[in-house]
Structure formats: structure tokens, C-alpha cells
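Structural overview for review
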Amino acid sequence: MRSMITTNSVEETETLGERLGARLFPGSVVTLEGDLGAGKTALIRGVCRGAGCRVRASSPTYALMHLYEGPVPVCHFDLYRVARADEWVAMEVEEQMDGHNIVLIEWPGPVAELLPADRLGITIAPGAHGEQRVFALTGDSDWQRRLEGLTE
Ligand SMILES: Nc1ncnc2c1ncn2[C@@H]1O[C@H](COP(=O)(O)OP(=O)(O)OP(=O)(O)O)[C@@H](O)[C@H]1O
Ligand SMILES: [Mg+2]
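Here's a quick rundown of the structure. Nothing here was measured: the structure is a model prediction, and the numbers come from that model.

Focus: the nonpolar core
One finds L20, L104 and I122 to be the most contacted residues of the largest nonpolar core, which totals 26 residues. When residues of this core are traced back to their parent elements, those giving at least two are α1 (10-21), β2 (29-33), α2 (40-50), β5 (102-106), β6 (120-126) and β7 (133-138). Examining the composition of this core, we find that 4 residues originate from one element, α2, more than from any other. The residues contacting L20, other than those within four sequence positions of it, are L43, V47, L120, I122, L147 and L150. Residues V89, M97, V103 and L115 belong to the second largest nonpolar core, which totals 12 residues.

Examining the site of ligand 1
Around ligand 1, the surrounding shell holds 17 residues, and the nearest of these are T13, K40, T41, A42 and E131. At 2.9 Å from an oxygen atom of ligand 1 is found a main-chain nitrogen or oxygen belonging to G37. T41 has a polar side-chain atom sitting 2.8 Å from an oxygen atom of ligand 1. Protein contacts shield 77% of the accessible area of ligand 1, which totals 640 Å² for the unbound molecule. Among the secondary structure elements, those contributing two or more residues to the shell around ligand 1 are α1 and α2. For the shell around ligand 1, the element with the highest residue contribution is α2, accounting for 3 residues.

A short note on the sheet that holds β5
Read from one edge to the other, the open sheet built from 7 strands follows the order β1-β7-β6-β2-β5-β4-β3, with strand pairing classed as mixed. This sheet does not close on itself; its edge strands, each paired only once, are β1 (2-7) and β3 (65-68). Between one strand axis and the next, the sheet turns through 20 degrees on average, direction left out of account. As paired elements, β2 and β6 share 4 bridges and run parallel to each other. If you follow L32 over to β6, its bridge partner there is I122. Packing against the sheet, α2 makes contact with β2, β3, β4 (74-78), β5, β6 and β7, and its axis sits at approximately 170 degrees to β5. Packed onto the sheet, helix α3 (residues 87-96) meets β3, β4 and β5 and runs at close to 155 degrees relative to β4.

Each value, and the rule that gives it
- Residue positions are counted from 1 within each chain, in the order its sequence is given.
- Naming scheme: in the order in which they are written, chains are lettered from A and ligands are numbered from 1.
- Confidence filtering applies because this is a predicted model: local features only for residues at pLDDT of at least 70, side-chain atom pairs given and counted only at 80 or more, and all residues used for totals across whole chains, interfaces and linings.
- Water and hydrogen atoms were dropped before computing side-chain values, which therefore reflect all heavy atoms in the structure.
- We call a set of buried Ala, Val, Leu, Ile, Met, Phe, Trp, Tyr and Cys residues a nonpolar core when their side-chain atoms join them within 4.5 Å.
- Residue exposure (1.4 Å probe, protein chains only): buried if accessible area is under 20% of the type maximum, exposed if over 50%, otherwise partly exposed.
- Secondary structure is summarised from DSSP: a helix means a run of H or I of at least four residues, a strand means a run of E of at least two, and numbering begins at the N terminus for each.
- The contact rule is simple, with two residues in contact once any of their heavy atoms fall within 4.5 Å.
- Proximity is defined per residue: if any heavy atom of the residue lies within 4 Å of a molecule or strand, that residue is considered near it.
- Here a polar contact is taken to be a pair of N or O atoms separated by no more than 3.5 Å, where protein atoms must pair a possible hydrogen donor with a possible acceptor and residues adjacent in sequence count only if both atoms sit in side chains.
- The protein chains shown are the only cover counted for residues, whose accessible areas, like all others here, come from Shrake-Rupley with a 1.4 Å probe.
- Note on pairing: DSSP must find at least two bridges between two strands before they are called paired.
- For helices, the axis comes from a line fit to the C-alpha atoms of the stretch in contact; other axes are also lines fit to C-alpha atoms, and the angle between any two N-to-C directions lies between 0 and 180 degrees.

Shown next, in the form of C-alpha cells:
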């Protein structure tokens, strides 16, 4: 599956995230790629809401990992400052991907080799105007089924 979705404001991105969050499940691994200010954290804020978490994801922050409590806990990694995955980062990422949490990873490059093949990949690119963003979602046929009607 490769599906393209355009948003025209940060609110629309949060709404998209909320709809996505409602479709994630324990063990979901989602990677988020895109330049600084692309909207990765904005989408994750929506995902947290959609997954029923109380705490809102924020950016910027110096923490590599946040855990948001909810019916299914959401684990949010931001590996921007990680050049190469050291043992701690690798261990932490693998531990979080044990099937209990929803795992969201901004700047997944350093842990690319650890990621499961059945992850959902999201790449965000700028659109035609300043507040437009284009989201490319890539995943297997299970994701295709799960995300059917995401924008309706
Ligand atoms: N359509 C849009 N979707 C998301 N954010 C938007 C949109 N239009 C404008 N923005 C603005 O772009 C910024 C996105 O910031 P955000 O922290 O989500 O980016 P990020 O990809 O997480 O960046 P970083 O890599 O620095 O963490 C915000 O200031 C937001 O208001
Ligand atoms: Mg961010």
C-alpha cells in the first residue's frame, strides 16, 4: 500500500493523526520521516488522542523517548539527536516493540535495521503552500485494510 493524504493546517494533521491513532493496536510500529517542522509531532499528538491517551505529545524536547499512558500505551521516540543507535537506544526500541505498546518513531534512520517489516511508514513532504503537507503512507496489505476510509 502507498497512499497519499494532503492536509492544509496543523489542525487537519492532528485530525488525521487522531483517525490513525484509533486504528492502531498493541504492537503497531509507525515511523515518521520528514524535515524539521514537517509535522511529525503534530501528527503524533493526534495519534495519542485517537488512541485515548491523556498526555499530548510535544516538541521540541531533549528526551529521546516519551511514554503516554492510555488503554494502549503510546511510546514516542525522537531520534533526531542520535547519530547511530548505541546499545541503550537499540535495547530501548526493541523492548518497546515487544507487542504491548503503540510505537511511534521520529527520525528512525539510526534504528532502521531493528524495525519490523510490517511497520507503517509515514513520510511527510511540504505541499504547494506554507501550511500544506503531503503524507505518504506505506505498509503491507494488512495496513491497507486497516486504514481503509481513513480520510472519510
Ligand atoms: N498542515 C500542517 N501540518 C502540520 N504542521 C503544520 C501544518 N501547517 C503548518 N504547520 C506547522 O508546522 C510545524 C510542525 O511542527 P512539528 O513539531 O509537528 O514538526 P516535526 O516534524 O515534529 O519537527 P521536528 O523534526 O523538529 O521534531 C508547527 O509549527 C505547525 O504549526
Ligand atoms: Mg518532532
